[in-house]
Protein chains: 2
Amino acid sequence: MEGTIVDNQSEKISHRLEKIFTPAPLQVPGCPVRDVLDRIGDKWSILSVLHLGHSGKLRFNELLHRIDGISQRMLTVTLRGLERDGFVSRRIYAEVPPRVEYELTALGVSLLDQVLGLAVWAQDNMGDIITSRAAHANAAGFQNLP
Amino acid sequence: MEGTIVDNQSEKISHRLEKIFTPAPLQVPGCPVRDVLDRIGDKWSILSVLHLGHSGKLRFNELLHRIDGISQRMLTVTLRGLERDGFVSRRIYAEVPPRVEYELTALGVSLLDQVLGLAVWAQDNMGDIITSRAAHANAAGFQNLP
DNA sequence: CTGCATCCCGAAAGATACTG
DNA sequence: CAGTATCTTTCGGGATGCAG
């Protein structure tokens, strides 16, 4: 496999591809890549991580108001998942009224580092994506004209 | 906000966080980050991109057999989405039997580059995640004992 | 071989109301 | 304030059949 776009653009890419495909070829059961991708793929986890990274410690209601569109229930579910995987710490203060603070762990910060790469990429390349979508929308539109 | 874990670990992180949060604070409608994250968050897009990056040009049935667990329908849907966003090119050969080859575009390769960061990270840190999950499973187990 | 159309189900997500 | 409980709705995606 020589001369592909991948090889031409970045030698590092093929090295990392080997690393990913070598142990197990991305099989569904028990594949780390699949597993982590499923987590960060859900609707709210990444947003939560980005906000926690941006603001540091945050209380439940602070997160609830910062993450646009999330419901109380989904914030709870999301935070429980992130805590379970060790990305977020949950600190409860025995006060009245109760106070709970969430913060990224070291593992969470290292995840944030990766996710930021993707987020910045998304911002930088959104123009190209929009353009491509518009082109395909036009092409599709021609098919359906009366 | 000084002295947070984020600041201590990597100065670059805060710079990129600013970049992400500056234009619009991750609002749901029309946010590039959300948009791209939704796409790569679906069950099969990333896997398809990884396989196309690994093998170069691939035919429909080759992809179907390499991506463990995907159905014919979902492969079609996934490839259409990736093509629409400009990540994958689709080349049809007017032959009998018909042949269609898929390949990453330059934009697709640049996405692959980002995704690989995440994939390698996932492999490297899976141990910690498993450990954390086990700990929480035990903790939960105690709550439910008779 | 490629891949669209249709039907259908279970899981995920939203809305709402209630509690320590 | 910080959740939990419950109900309802949405929808991803699997199975199947058909077409170019």
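Thresholds, definitions, all that
- Residues numbered from 1 in each chain as written.
- Chains lettered and ligands numbered in written order.
- Predicted model: local features only at pLDDT ≥ 70, side-chain atom pairs only at ≥ 80, totals over all residues.
- Heavy atoms only, no water.
- Buried < 20%, exposed > 50% of the residue type's maximum accessible area, 1.4 Å probe, protein only.
- Helix = DSSP H or I, 4+ residues; strand = E, 2+ residues; numbered from the N terminus.
- Pairing = 2+ DSSP bridges.
- Axes fitted to C-alpha atoms, helices over the stretch in contact; angles between N-to-C directions.
- Left-handed = near helix turned anticlockwise from the far one by under 90°.
- Contact = heavy atoms within 4.5 Å.
- Nonpolar A, V, L, I, M, F, W, Y, C, P; charged D, E, K, R; others polar.
- Salt bridge = Lys/Arg side-chain N within 4 Å of Asp/Glu carboxyl O.
- UniProt positions renumbered as here; feature names shortened; annotations may be inferred.
- Buried area = accessible area lost by both parts, 1.4 Å probe.
- Polar contact = N/O pair within 3.5 Å; in protein donor to acceptor, adjacent residues only side chain to side chain.
- Near = heavy atom within 4 Å.

Going by an unreviewed UniProt entry, chain A carries the name Transcriptional regulator and comes from Fibrisoma montanum.

Caption draft 1: The arrangement of the pairing of strand S3 (residues 99-104) of chain A in detail. Residues and elements named next belong to chain A. A large share of S3 lies buried, amounting to five of its six residues. Here strand S1 (residues 58-59) runs beside S3; their pairing, made up of two bridges, is antiparallel. Bridge pairing links Arg 59 to Glu 101 in S3. Bridge analysis of strand S2 (residues 88-93) against S3 gives six bridges, and the strand direction is antiparallel.

Caption draft 2: Broad picture of the packing of helix H2 (residues 11-21) of chain A against helix H4 (residues 45-55) of chain B. With their axes 10 Å apart at the nearest point, H2 of chain A and H4 of chain B run at an angle of 120° to one another. Taken as a pair, H2 of chain A and H4 of chain B cross one another with a handedness that is left-handed. Taken together, the residues of H4 of chain B that come into contact with H2 of chain A (itself represented by Leu 17, Glu 18 and Phe 21 of chain A) are Leu 50, His 51, Gly 53 and His 54 of chain B. When its residues are assigned to classes, the contact of H2 of chain A with H4 of chain B shows three nonpolar, three polar and one charged.

Caption draft 3: Highlighting the pattern of salt bridges. Summed over the entire model, instances satisfying the criterion amount to 16 salt bridges over all chains. Asp 35 of chain B is the salt-bridge partner of Arg 133 of chain A, the closest N and O atoms lying 2.8 Å from each other. Of this pair, Arg 133 of chain A sits in helix H7 (residues 106-144) while Asp 35 of chain B sits in helix H3 (residues 32-41), which puts the two residues in different chains. Here Lys 57 of chain B and Glu 103 of chain B are joined by a salt bridge, their closest N and O atoms 3.5 Å apart. Note that Lys 57 of chain B is positioned in the loop between H4 and strand S1 (58-59) and Glu 103 of chain B in strand S3 (residues 99-104), a separation of 46 residues in sequence. Under the relative-accessibility criterion, Lys 57 of chain B is labelled partly exposed at 41%. The structure contains a network of salt bridges with shared partners spanning Asp 35, Arg 39 and Asp 85 of chain A together with Arg 133 of chain B.

Caption draft 4: Representation of the UniProt feature "domain: HTH hxlR-type" (unreviewed entry) in chain A within the structure. UniProt's entry tags residues 31-130 of chain A with the feature "domain: HTH hxlR-type" (unreviewed entry), counted in the numbering of this structure. Measuring from the first to the last C-alpha atom of residues 31-130 of chain A gives 32 Å, for a span that is 66% helix and 14% strand.

Caption draft 5: The arrangement of the interface of chain A and chain B in detail. Taken together, the 68 residues of chain A in the interface contact 69 residues of chain B. In total, chain A and chain B occlude about 6,800 Å² of area from one another, counting both sides; carbon and sulfur atoms represent 68% of this. Along the contact surface separating chain A from chain B lie eight salt bridges. Between the two partners, chain A and chain B, sit 20 residue pairs in polar contact (both at pLDDT 80 or more). Secondary-structure elements contributing two or more residues to the side of chain A that touches chain B are helix H1 (5-9), H2, helix H3 (32-41), helix H4 (45-55), helix H6 (72-84), S3 and H7 of chain A.

Caption draft 6: Region of interest: the protein's contact with DNA strand C. For DNA strand C, the set of nearby residues contains 18 residues, the closest of which are Asn 61, Thr 76, Arg 80, Arg 90 and Tyr 102 of chain B. The sugar-phosphate backbone supplies 69% of the atoms of DNA strand C found within 4 Å of the protein. In this structure, a phosphate oxygen belonging to DNA strand C sits 3.0 Å away from a side-chain N or O atom of Lys 43 of chain A. One of the side-chain N or O atoms of Arg 73 of chain A is found 3.2 Å from a base nitrogen in DNA strand C. Elements with a contribution of two residues or more to the surface near DNA strand C: H6 of chain A together with helix H5 (60-66), helix H6 (72-84) and S3 of chain B. Looking at which element gives the most residues to the surface near DNA strand C, the answer is H6 of chain B, with four residues. Residues of the surface near DNA strand C, tallied by class, amount to eight nonpolar, four polar and six charged.

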